[in-house]
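Chains, contacts and geometry: an overview
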Amino acid sequence: KRLTEEDEDQLRQWLDNPDVGFKLLYKASTQGYNPTTFHQHCDNKGPTVTVGYNSIGWVFGGYASESWTSRGDYVQAPGSFLFRLANANKFDPLKIDPGNENVQQCLYDEKANGPVFGGTAGNDWQVFTGTFEANKGNFVDAKGTVAIGNAYGAGTGVDANAFCGGNLLYLDVEVYSIGRRDESKLLPEGADWRDVQWTDNEREKLKQHVAGYKPTSSSVSQANILLAGQVGAGKSSFFNTITSIYKGRVSSQAMAGSHQHSVSKKYRTYEVKAERGGESLCFRLCDTMGLEDATTGLDLDD
């Protein structure tokens, strides 16, 4: 998913609920811009958040307080709103509420359409019309429409330019369900991820434990461990850390660094030796390019 923690925290603030969690239901860049697919994945899921990402770095969307159900009618959905999270790749939140007189037409829920916000006076944001294939990192004109000021933001001066930069050339559209935030996997700020006594003896025990790994199948001499993650996640640095431990000195065999795009350009396998000049361990670390949206790198489909 593309929604960042900063984005989620802003949505929690607007929803006035710090315990809200967001579960990805539908992703147009991989599943296609298809009303049928949207409703198959998003109908009867309760409140949802639809988020658009366009070709000029804007992140914008709408919160639907009622379920999509393919009912074929306008929906009274108090509490629904449109929003902007980023303006040209800069975090710049803006909430756009419906006028009180327009609460009867917050949503239009029709099986032949994707998400539609706004109603009889005109759709404020019709996310896409028709059917378009998954764009997988490219931009797609999915024939959406935007005209802020019909049901949402009427009389405020907010328009399509303030909402999405007037641009509906999509990199992606995502729909999330609203549930309870799972904090069981979150560590308190500053907390250790596990309690380890980092003595010389404990470090040596851990080294020997890893070095003693053997694949369970006798037909496999070495296990391949794939390092995958977003650009800047530290895949190459992780390999350098492991090999430095066993060499007893700092090693930078794999190219690592910080850049907008992946520093690693090729898939490579690295062996780790138990000691300098010793035998290789029974696993290889396989380094990949970082995951990103641009066609210059790997994406989720790859």
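One structure accompanies this document, and this report is about it. Remember, predicted model here, so these are calculated numbers, not experimental data. (Residues numbered from 1 in each chain as written. Predicted model: local features only at pLDDT ≥ 70, side-chain atom pairs only at ≥ 80, totals over all residues. Heavy atoms only, no water.)

1. Observations regarding the overall build of the chain
The criterion, for reference: By definition, any uninterrupted DSSP run of H or I lasting at least four residues is a helix, any uninterrupted run of E lasting at least two residues is a strand, and each is numbered from the N terminus. We call two residues in contact when some of their heavy atoms are within 4.5 Å. Throughout, the Shrake-Rupley method with a 1.4 Å probe supplies accessible areas, and for residues the shown protein chains are the sole cover considered.
Scanning the chain for helices and strands turns up six helices and 15 strands. Across the chain, every contact between residues at least 6 apart in sequence was considered, and the portion connecting residues at least 24 apart equals 66%. Accessible surface computed for the chain: about 16300 Å², of which carbon and sulfur atoms make up 47%.

2. Let's talk about the sheet that holds strand 15 (residues 280–287)
As a reminder of what qualifies: Only strands joined by at least two bridges in the DSSP assignment are considered to pair. The axes are straight lines fitted to the C-alpha atoms, using for helices just the contacting stretch, and the angles between their N-to-C directions are given from 0 to 180°.
Taken in spatial order, the three strands of this open sheet run 13-15-14, and their pairing is mixed. Only two strands of the sheet have a single partner each, and these edge strands are strand 13 (223–227) and strand 14 (268–273). Each strand of the sheet is rotated relative to its neighbour by a mean of 30 degrees, with strand direction disregarded. With five bridges connecting them, strand 14 and strand 15 associate as antiparallel partners. Note that in strand 15 the partner of Thr269 across the bridge is Cys286.

3. Regarding the packing of aromatic side chains
Note the cut-off: In this scheme Phe, Tyr and Trp rings, the latter by its six-membered ring, pair at centre separations within 6.5 Å, and the angle between planes marks the pair as stacked below 30 degrees, edge-to-face above 60, and tilted otherwise. When accessible area is computed with a 1.4 Å probe and restricted to protein chains, residues below 20% of their type maximum are described as buried, those above 50% as exposed, and intermediate ones as partly exposed.
This structure, assessed with the given rule, holds 16 aromatic pairs. Ring geometry for Tyr33 and Phe128: centres 5.9 Å apart, planes at 90 degrees, overall edge-to-face. Within this pair, whereas Tyr33 is found in the loop between helix 2 (28–31) and helix 3 (35–42), its partner Phe128 is found in the loop between strand 9 (122–126) and strand 10 (140–141), the two being separated by 95 residues in sequence. No difference in accessibility class separates Tyr33 from Phe128, as the two residues are buried.

4. Quick look at unusual backbone geometry
Phi angles above zero are rare outside glycine, and Asp16 is one such case at about 55 degrees. Within the fold, Asp16 resides in the loop between helix 1 (5–15) and strand 1 (20–27). Positioned with a positive phi, Ser70 is a non-glycine residue whose angle comes to about 60 degrees. Position of Ser70 among the secondary structure elements: in the loop between strand 3 (59–64) and strand 4 (73–75). With a relative accessible area of 25%, Ser70 lands in the partly exposed category.

5. With respect to the environment of Phe239
Residue placement: Phe239 occurs in helix 6 (residues 235–247). Of the residues examined, Phe239 reaches a relative accessible area of 1% and is grouped as buried. With 33 residues separating them in the primary sequence, Phe239 and Val272 have C-alpha atoms 8.8 Å apart. Sequence-distant contacts of Phe239, defined by excluding residues within four places in its chain, comprise Gln253, Ala254, Tyr270, Glu271, Val272 and Leu285.

6. Considering the pattern of salt bridges
The condition is simple: Whenever a carboxyl oxygen of Asp or Glu lies within 4 Å of a side-chain nitrogen of Lys or Arg, that contact is scored as a salt bridge.
Applying the stated criterion across every chain yields a total of 13 salt bridges. Arg12 is the salt-bridge partner of Asp9, the closest N and O atoms lying 2.7 Å from each other. With Asp9 and Arg12 both in helix 1 and three residues apart, the pair spans about one turn of that helix. Close ionic contact of Arg180 with Asp19 constitutes a salt bridge, the shortest N to O distance being 3.7 Å. On the criterion of sequence distance, the pair formed by Arg180 in strand 12 (residues 169–180) and Asp19 in the loop between helix 1 and strand 1 is long-range, its members being 161 residues apart. Taking the relative accessible area as the measure of exposure, Arg180 reaches 67% and is therefore exposed.

7. Some words on the environment of Gly52
For Gly52, the position within the fold is in strand 2 (residues 48–54). Considering only alpha carbons, one finds Gly52 and Leu171, 119 residues apart in sequence, at a separation of 7.9 Å. Excluding residues within four positions of it along the chain, Gly52 makes contact with Trp58, Val59, Phe60, Trp125, Tyr170, Asp172 and Val173.

8. Remarks on helix 3
Put simply, the test is: A 3.5 Å cut-off defines polar contacts: any pair of N or O atoms within that distance qualifies, except that in protein one atom must be a possible hydrogen donor and the other a possible acceptor, and neighbouring residues in sequence count only when both atoms are side-chain atoms.
Within helix 3, burial applies to Pro35, Thr37, Phe38, His39 and Cys42. Buried residues belonging to helix 3 abut strand 1, helix 2, strand 7 (107–109) and strand 12. Sitting at the amino-terminal end of helix 3 is Asn34, which places a side-chain oxygen 2.8 Å from the backbone nitrogen of Thr36. Just downstream of helix 3 lies Asn44, where phi reads positive at about 60 degrees.

9. Structural notes on the pairing of strand 15
It is a general feature of regular strands that their side chains alternate between the two faces of the sheet. With six of its eight residues buried, strand 15 lies for the most part within the structure. Relative to strand 15, strand 13 runs parallel, the two being bridged by five bridges. Counterpart to Asn224 in the pairing with strand 15 is Arg284.

In short, shape yes, function no, at least from these values alone.
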